[in-house]
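Working through the structure, step by step
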Amino acid sequence: MPFSQPASNLSVVSDNVFLYTLALSALVLLGITTLLIYFVVRYSRRRHPQPVNVSENTPLEVGWTVATTVLFLTMFAYGWTGFEYMRQAPRDAMAIDVTARQWSWSFKYPNGKAAPDLYVALGRPVRVLLHSADVIHGFYVPAFRVKSDVVPGRTNDAWFTPERLGTFDIECTVICGPGHAHMLGKVYVVPELSFKQWYFGPTDAPLPSPATPPPSPSGTGASSPSPPPHAS
Ligand SMILES: [Cu+2]
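Described below are features of the structure shown in this document. What you see is a predicted model; the values in this text were computed from it and never measured.

Now for the overall build of the protein chain. From N to C terminus, the protein chain includes three helices and ten strands. Scored against the burial criterion, the 232 residues of the protein chain give a buried share of 19%. Within the protein chain, contacts between residues separated by at least 24 positions form 68% of all contacts whose residues are at least 6 apart in sequence.

For strand β10 (residues 184–190), the buried fraction is high: five of the seven residues fall into the buried class. Relative to β10, strand β4 (residues 118–121) runs parallel, the two being bridged by four bridges. Note that in β10 the partner of Leu 118 across the bridge is Val 187. For strand β9 (residues 166–172) and β10, the ladder comprises six bridges, and the chain directions are antiparallel. Directly across from Ile 170, in β10, lies its bridge partner Gly 185.

Glancing now at the nonpolar core. By size, the foremost hydrophobic cluster in this structure holds 32 residues, and its most contacted members are Phe 139, Phe 144 and Val 187. Residue contacts for Val 187: discarding those within four places in its chain leaves Leu 118, Val 120, Val 141, Phe 168 and Ile 170.

Here we take up unusual backbone geometry. It is generally the case that most residues other than glycine have a negative phi and that most peptide bonds are trans. A cis amide bond, omega 0°, links Gln 102 with the succeeding residue Trp 103. In this fold, Trp 103 is placed in the loop between β1 (94–101) and β2 (104–108). Located in the positive-phi region is Arg 145, a residue other than glycine, with phi close to 60°. Structurally, the position occupied by Arg 145 is in the loop between β6 (137–141) and β7 (146–150). On the basis of neighbour count, Arg 145 is assigned to the buried category, with 24 C-beta atoms found within 10 Å.

Rules behind the numbers
Residues numbered from 1 in each chain as written. Predicted model: local features only at pLDDT ≥ 70, side-chain atom pairs only at ≥ 80, totals over all residues. Helix = DSSP H or I, 4+ residues; strand = E, 2+ residues; numbered from the N terminus. Buried ≥ 20, exposed ≤ 12 C-beta atoms within 10 Å, placed from the backbone. Contact = placed C-beta atoms within 7 Å. Pairing = 2+ DSSP bridges. Core = buried A, V, L, I, M, F, W, Y, C linked by C-beta atoms within 7 Å.

This is the structure we're talking about:
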């Protein structure tokens, strides 16, 4: 797979449409190029010194017009189905306010808690409500295949369900000033329990730990992150 590893429910939707479009376009390119070369050879001046006027062939013209139109409309239909799905946030999605400003991101949760990065629970749908404090920005999480403009004066939205634990980049996709390149954020996908402990915990509860403990191989303590119990 030529993409970054899928990390949300939208990754596969987006990748499949992209691959289908790419495959169909490659097929059409191959067909046209093959015909082109064939005609160049078949109707060269050497073989046909005297040009002949060829009149139209209606069935052929209607045929290729209809066939290619239908073929390309399948791309639209496939893309539209995915787009519809991406636009319909589930009712139980947690709505998080995302504010973009020159040149950083901030996040506010429904119960008033705030975080400098986006913390989300694994397997739980999230809806981001995108606000801008100044100019047009672009909210983009490549691993989730989530992207939307952030426009001052209006609230755009997007949704996703994180499906992989880990840390993922948030990028700004709109040139928004000299600090644009540094307008990077992080999404931390944490286990639901750690998310709840922070979210429902006291106001000064520590942010959920983004570190996902590696599965400790039994028998060897080589990769164990914990220090030895006693210094000798
Ligand atoms: Cu920006």
